[in-house]
Amino acid sequence: MPQMPDITIQLIHIQGPLKGQIQDFSQFPVQIGRHPSCEVRFDKDLTTISRRHARVERQGNRFRIIDTSTNGTYVNGKRIADVYLRDGDVITFSENGPKASFLTKIETSRIPAASPALSTPAPPQAPSPQSVPAPPASHAPAAPPQESLPPPDARLTVGPAMQEPSVSTTAPLVIQYGPTLQSFNLLPVTVGTDPTCEFVIDNNALAGRHVQIFFSEGEYYVKDLTGRNMVCINGRPVGLQMALAQGAELALTSQGPKFRFLGGGRLAEVQDPTAEPLEKTDVDPNAPDFDSAPSVPRQKSKSLFKSFFK
């Protein structure tokens, strides 16, 4: 008899002070706000967020977000009082405030005795002992020792054991890149800078048709379309194609963009925690300092500012 499915929700923060964080919740309700008791807590100085801004409740196998704020809660750009959430919905906490995408992960558990997958299969019908006598135990060949393999690491990929055809298949795929969140139900999906791609990324480091994501035999696969080994999974070039495993990091180039595969067809952008520092403007060592001649650098900066907008 099937048990109640275990459902975990994920909030992927795509804008605001928590940008780049992925929070998982399996206990409900989930309180969101500035109060110290909130599970999703924003800084106390972010006054556009109420102390108890919203909460997510579970009702059966569905999840409802309820607004309890002053400045409002928005789902897909529309202000709500309460609404049931769906995979891929974008929640905004106050107008133009922090944003998070909503996803669910369902794992159905079964009682072992009732699970056909765990039942012991009936052995094949053997010939009668009278017709085929069993050989003496001393004549039985010894079984070769089996190599003990380590358990698979969830953060590593399966690898291209065989070349799977990228045929059209119905399977879910959700891609989050910056503030963009796009859902697909039909694969393969092509990613690149070309407007004909299903998912377009404006990045000069990418090719027009850069990478393809498809589904085959229960696995999600990545195919490098560049022909230059630019696409890597966990730092390893995919070659022609490679399967994704939950937790794997997909890099479209060595400098990014990078995505984390969350399982269930969900790809979320991985933010670089360290931004490149701004380069300092070269200064003439013979020029007077700012205190003795403040007008010189100020006039130079003003001219540069104007030149950007001519």
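Keep in mind that this is a model prediction, so the values were computed, not measured.

A.B. asks: A description of the pairing of strand 6 (residues 62–67) should follow, citing residues and the corresponding values.
C.D. replies: Side chains on a regular strand alternate between the two faces of the sheet. Summarising the sheet, strand 5 (residues 54–59) and strand 6 pair through six bridges and their orientation is antiparallel. Counted as the bridge partner of Val 56 is Ile 65 from strand 6. Taking the residues between adjacent antiparallel strands as the criterion, strand 5 and strand 6 are bridged by two residues, where Gly 60 takes a positive phi near 70 degrees. Alignment of strand 6 against strand 9 (residues 82–84), held across three bridges, turns out to be antiparallel. When the sheet's bridge partners are listed, Ile 65 is paired in strand 9 with Val 83.

A.B. asks: Describe the layout of surface pockets, and please don't skip the residues or the numbers.
C.D. replies: To find leftover empty space, one rolls a probe the size of a water molecule over the atoms. Taken as a whole, the second largest pocket spans an internal volume of roughly 160 Å³. Residues belonging to the lining of the second largest pocket are distributed by class as follows: three nonpolar, four polar and three charged.

A.B. asks: Please provide a residue-by-residue account of the pattern of salt bridges, values included.
C.D. replies: As enumerated under the stated definition, the model contains four salt bridges in all. Among the salt bridges present, the one from Asp 82 reaches Arg 64, with a minimum N-O distance of 3.4 Å. With Asp 82 in strand 9 and Arg 64 in strand 6, this pair connects stretches of sequence that are 18 residues apart. Residue classification places Asp 82 among the partly exposed positions, given a relative accessible area of 42%. The residue Arg 260 makes a salt bridge to Glu 249 at a minimum N-O spacing of 3.8 Å. A residue pair is termed long-range when its members are at least 10 positions apart, and Arg 260 in strand 22 (residues 258–261) and Glu 249 in strand 21 (residues 249–251) qualify at 11 residues. Judged by relative accessible area, which is 21%, Glu 249 ranks as partly exposed.

A.B. asks: Explain the sheet that holds strand 4 (residues 40–41) residue by residue, including any values.
C.D. replies: With mixed pairing, five strands are arranged side by side in an open sheet as 4-3-5-6-9. The sheet is open, and its two edges are formed by strand 4 and strand 9, each paired on a single side.

A.B. asks: Tell me what's going on with the nonpolar core, and back it up with residues and numbers.
C.D. replies: Nonpolar side chains in soluble globular proteins generally cluster together in the buried interior. One finds Ile 175, Ile 233 and Leu 252 to be the most contacted residues of the largest nonpolar core, which totals 26 residues. If you list the elements that add at least two residues to this core, you get strand 12 (169–177), strand 13 (180–187), strand 14 (189–192), strand 16 (211–216), strand 17 (219–224) and strand 22. Apart from the residues lying within four places of it in its own chain, the contact partners of Ile 175 are Thr 180, Leu 181, Gln 182, Phe 184, Val 191, Phe 199, Ile 213, Phe 259 and Leu 267. Within the second largest apolar cluster, 21 residues are counted, among which are Leu 11, Val 30, Ile 49 and Val 56.

A.B. asks: Can you explain unusual backbone geometry? Please cite residues and give values.
C.D. replies: Cis geometry marks the peptide bond from Leu 187 to Pro 188; its omega dihedral reads 10 degrees. Within the element layout of this structure, Pro 188 appears in the loop between strand 13 and strand 14. In the segment running from Gly 256 into Pro 257, the intervening peptide bond is cis, with an omega of 0 degrees. You can see Pro 257 is positioned in the loop between strand 21 and strand 22. For Ser 94, which is not glycine, the phi dihedral falls at a positive 75 degrees. Along the chain, Ser 94 falls in the loop between strand 10 (90–93) and strand 11 (99–107). For Ser 94, a relative accessible area of 3% translates into the label buried. For Asn 234, which is not a glycine, the phi torsion comes out positive at approximately 55 degrees. Structurally, Asn 234 can be placed in the loop between strand 18 (232–233) and strand 19 (236–237).

A.B. asks: A description of the sheet that holds strand 14 should follow, citing residues and the corresponding values.
C.D. replies: Whether parallel or antiparallel, the strands of a sheet pair through hydrogen bonds between backbone atoms. Reading across from one edge, 15-14-16-17-20 is the order of the five strands in this open sheet, with mixed pairing throughout. The open sheet has two free edges, formed respectively by strand 15 (199–200) and strand 20 (241–243), since each of these has just one partner strand. The pairing of strand 17 with strand 20 spans three bridges and is antiparallel. Paired with Tyr 221 across the bridge in strand 20 is Ala 243.

A.B. asks: Mind laying out the confidence of the model for the chain, listing which residues take part and the relevant values?
C.D. replies: Caution is warranted with low-pLDDT regions, since their predicted coordinates should not be read in detail. Averaged over all residues, the pLDDT of the chain equals 75, while 66% of them reach at least 70. A low-confidence stretch, residues 126–162 stays under pLDDT 50, and its non-local contacts, those more than four residues away or across chains, total 29 contacts. Below pLDDT 50 for its whole length, residues 287–310 participates in two contacts with residues either more than four positions away or in separate chains.

A.B. asks: If you had to explain the pairing of strand 22 to someone new, which residues and values would you point to?
C.D. replies: Taken together, the three bridges between strand 21 and strand 22 define a ladder with antiparallel strand orientation. Among the inter-strand pairings, Ala 251 is bridged to a residue of strand 22, identified as Lys 258. Hairpin remark: strand 21 followed by strand 22, antiparallel, with six residues in the connecting loop; positive phi at Gly 256, about 105 degrees. Where strand 22 meets strand 23 (residues 266–269), three bridges bridge the pair, whose relative direction is antiparallel. Bridged to Arg 260 within strand 23 is Ala 268. Counted along the chain from strand 22 to the antiparallel partner strand 23, the turn is four residues long, and its residue Gly 263 has a positive phi close to 85 degrees.

Cut-offs applied
- Residues numbered from 1 in each chain as written.
- Predicted model: local features only at pLDDT ≥ 70, side-chain atom pairs only at ≥ 80, totals over all residues.
- Heavy atoms only, no water.
- Pairing = 2+ DSSP bridges.
- Helix = DSSP H or I, 4+ residues; strand = E, 2+ residues; numbered from the N terminus.
- 1 Å grid on protein atoms, 1.4 Å probe; cavity = no way out; pocket = protein on both sides within 12 Å on 5 of 7 lines; lining within 4 Å.
- Points joined across faces, edges and corners; volume = space filled by probe spheres on them.
- Nonpolar A, V, L, I, M, F, W, Y, C, P; charged D, E, K, R; others polar.
- Salt bridge = Lys/Arg side-chain N within 4 Å of Asp/Glu carboxyl O.
- Buried < 20%, exposed > 50% of the residue type's maximum accessible area, 1.4 Å probe, protein only.
- Core = buried A, V, L, I, M, F, W, Y, C linked by side-chain atoms within 4.5 Å.
- Contact = heavy atoms within 4.5 Å.
- pLDDT = per-residue confidence, 0-100.

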